[in-house]
Amino acid sequence: MSLQSWARADIGALAALWARCFPAKYHVDPEVLAICTTDSPLFDWGASCLSLRSGEPCAFVGVKRSAARLYKGPDQDQAHVTALCYLEPQVAVDLMEHVKRVLIDRGVYKLVFGADHRHVFPGCPLDCPSLRDFLIIEGFQEGEEVYDLEQDLRQYKAPERTEHAERSLREITPELVGPLRAFLNREFPGRWSYDVFAKIAAEERSDFIIGSFVGDRCDGFVMTQDSTHRLPIGGAVWRHSLGENWGSLGPMGVAASARGAGVGDALLGHALSSMRERGVHRANVDWTTLVDFSGRHGFQTSRTYRSFELRVG
C-alpha cells in the first residue's frame, strides 16, 4: 500500500469507510464530509493523505491549516487533524508520519485533534476508545472535556421568564444585520463573528439567527440550523443521527453587560420554540460545557469529547 493524495479521492467511498469505523451517531454523509474537508478553504492538500487497498480506501487523514488567516485568535503555527479513519492502526501510523513530516518542514509546532474551523469533532469522542488509545500512543496529550447535548423538541415548552419591558427578541432581518455585526465585532470578534456572517452569505438569508435587542442595540444572539440549510456546520454535521427533521443550535452569546439578567434563557427558549414550530424534532447543541444551563431546557448529554494536542518537531 502507498499513500495517495486527496486530489482524486472518492468522497462517497471515504464516507462509507467512515461508517465502518465509527458508531452510528458519528456517521456523516458525503456532502458533510466534503464540507468539513476538501470544500474548506483551510484544507491542507499537502499534509492530508489516504491509503488504498485493491483500489478502495482503507485509511485516510484530513488536515487543516490554522484559521488565523480567517479571523483573529488562532495560533498561525498550529494545524488540525479534522478527520482520521482507519481499519488497521499500522496504516494510520504511516499516515500520521507523513502528516508530521510535512508539518515539521513548515515550522508547525502543534497539531490539534479536531476543534478546527468547519470541524467534524470538537475533540476525540470518548466512546471511540481505539481512536483515543491511538492518539495517546502517537504522543497526543489529553485535555478538557466538552459535550454535545440533544433533545426531542416535539414536547418542548419554554420555561417561564420575566419579561423585560425594554428588551425584544427578533429574527435578524436584513435591516438588523448591521446591529448584529456591531454586537459580534464588539463582544465576539473572532470565530463566532466570522462563522455567523459566512453562514449568512452561504444561506443568502439571516432569519435563522435570533437577536436580543434593547431599542436598536443588540446584546445577545443565537444561531439555529435545520434541514432547509445549504451549509450544515457545527452540530449540524450529525444530521444523519438526528433524523430527517433535524435541528441544531449554536453558537449563542450574550454581551458581558447583559449577563445574569436571563437573556440567555430567553434566547434559548425562543429559539427552541421557533424550531419546534418549524417542524424540527430532534435538535442538538454542540461543543459546550454549559450542561446545566441547557439542561434547564431539557437537553441531555449525547456525546462527550476530550481535547488532544501533539507537539511536533
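Here goes a summary of the coordinates provided. Source: prediction; values computed, not measured.

### A few points about the layout of surface pockets
Computed from the structure, the largest pocket encloses a volume of approximately 940 Å³. Along its surface, the largest pocket is lined by 43 residues, and Trp 192, Gly 250, Pro 251, Asp 286 and Trp 287 are the ones closest to its centre. Where the lining of the largest pocket is concerned, the elements lending two or more residues are strand S3 (56-65), strand S4 (78-86), helix H6 (191-203), strand S10 (217-226), strand S11 (246-254), helix H8 (263-277), strand S12 (282-288) and helix H9 (291-295). Sort the elements by how many residues they give to the lining of the largest pocket and H6 lands first, with seven residues. Residue composition of the lining of the largest pocket, grouped by class: 22 nonpolar, 13 polar and eight charged.

### Comments concerning helix H5 (residues 177-187)
Within H5 the residues assigned to the buried category are Val 177, Leu 180, Phe 183 and Leu 184. Take H5 and look down its axis: the buried residues cluster within an arc of 125 degrees, on one side only. If you follow the buried residues of H5, they end up packed against H6, strand S9 (209-214), S10 and S11.

### Notes on the environment of Arg 230
Tracing the backbone through its elements, the reader meets Arg 230 in the loop between S10 and helix H7 (239-242). Taking the C-alpha atoms as reference points, Arg 230 and Glu 204, separated by 26 residues in sequence, lie 9.6 Å from one another. Excluding residues within four positions of it along the chain, Arg 230 makes contact with Glu 31, Ile 35, Ala 202, Glu 203 and Glu 204. Separated by 3.1 Å, the side chains of Arg 230 and Glu 204 make a polar contact.

### Some thoughts on the environment of Val 263
For Val 263, the location among the structural elements is in helix H8. Owing to a relative accessible area of 2%, Val 263 belongs among the buried residues under this scheme. C-alpha separation for the pair Val 263 and His 119, spaced 144 residues apart in sequence, amounts to 28 Å. With residues near it in sequence (within four places) discarded, Val 263 still touches Arg 167, Ser 212, Asp 219, Val 254 and Ala 258.

### Side note on the nonpolar core
Of all hydrophobic cores here, the largest spans 53 residues; its most connected members are Trp 18, Leu 84, Leu 111 and Phe 113. Aside from chain neighbours lying at most four places away, what touches Leu 84 is Phe 22, Phe 60, Val 61, Met 96, Phe 113, Leu 131, Phe 134 and Leu 135.

### Things to note about the side chain of Asp 226
Residue placement: Asp 226 occurs in strand S10. For Asp 226, a relative accessible area of 6% translates into the label buried. The residues contacting Asp 226, other than those within four sequence positions of it, are Trp 246, Gly 247, Arg 278 and Val 280.

### Structural notes on the pairing of S10
Extensive coverage of S10 is indicated by the burial of nine of its 10 residues. Sheet topology note: the S9/S10 ladder contains six bridges and is antiparallel. Directly across from Phe 213, in S10, lies its bridge partner Cys 218. Adjacent in sequence and paired antiparallel, S9 and S10 are bridged by two residues, among which Gly 215 carries a positive phi angle near 65 degrees. Sheet topology note: the S10/S11 ladder contains six bridges and is antiparallel.

### Here's the deal with the side chain of Lys 110
The topology assignment puts Lys 110 in strand S5 (residues 110-113). At 3.3 Å, the side chain of Lys 110 and the side chain of Gln 78 are in polar contact.

### Re the packing of aromatic side chains
Tallying each qualifying case throughout the model produces 19 aromatic pairs. Both rings, one in Phe 121 and one in Tyr 305, keep their centres 6.4 Å apart while their planes meet at 55 degrees; by these two values the pair is tilted. Of the two residues, Phe 121 sits in the loop between S5 and strand S6 (124-125) while Tyr 305 sits in strand S13 (residues 300-311), which places them 184 residues apart along the sequence. There is no split in this pair, since Phe 121 and Tyr 305 are both buried. Ring geometry for Trp 192 against Phe 221: centres 6.0 Å apart, planes inclined by 70 degrees, an arrangement best described as edge-to-face. One end of the pair, Trp 192, is in helix H6; the other, Phe 221, is in strand S10, and 29 residues separate them in sequence. Among the residues examined, Trp 192 registers a relative accessible area of 31% and is labelled partly exposed. Aromatic rings pair up to connect Trp 6, Trp 18, Phe 22, Tyr 26, Phe 43, Trp 45, Phe 60, Phe 113, Phe 121, Trp 238 and Tyr 305 into one cluster. Arg 181 extends its terminal NZ or CZ atom over the ring of Phe 197, reaching a point 4.0 Å from the ring centre.

### Thoughts on helix H4 (residues 129-137)
Since one α-helical turn is 3.6 residues long, residues separated by three or four positions face the same way. Of the residues making up H4, those classed as buried are Leu 131, Phe 134 and Leu 135. For H4, the angular spread of the buried residues around the axis is 95 degrees, confining them to a single face. With respect to the buried face of H4, the exposed residues turned more than 90 degrees away are Ser 130 and Ile 137. Looking at the buried side of H4, the elements it contacts are S4, helix H3 (89-106), S5, S6 and S13. Note on H4: the residue one or two positions beyond its end, Gly 139, has a positive phi of about 105 degrees.

The rules behind the values
- Residues numbered from 1 in each chain as written.
- Predicted model: local features only at pLDDT ≥ 70, side-chain atom pairs only at ≥ 80, totals over all residues.
- Heavy atoms only, no water.
- 1 Å grid on protein atoms, 1.4 Å probe; cavity = no way out; pocket = protein on both sides within 12 Å on 5 of 7 lines; lining within 4 Å.
- Points joined across faces, edges and corners; volume = space filled by probe spheres on them.
- Helix = DSSP H or I, 4+ residues; strand = E, 2+ residues; numbered from the N terminus.
- Nonpolar A, V, L, I, M, F, W, Y, C, P; charged D, E, K, R; others polar.
- Buried < 20%, exposed > 50% of the residue type's maximum accessible area, 1.4 Å probe, protein only.
- Arc of directions from axis to C-beta.
- Contact = heavy atoms within 4.5 Å.
- Polar contact = N/O pair within 3.5 Å; in protein donor to acceptor, adjacent residues only side chain to side chain.
- Core = buried A, V, L, I, M, F, W, Y, C linked by side-chain atoms within 4.5 Å.
- Pairing = 2+ DSSP bridges.
- Phe/Tyr/Trp six-rings, centres within 6.5 Å; stacked < 30°, edge-to-face > 60°.
- Lys NZ or Arg CZ within 6 Å of the ring centre and 35° of its normal.

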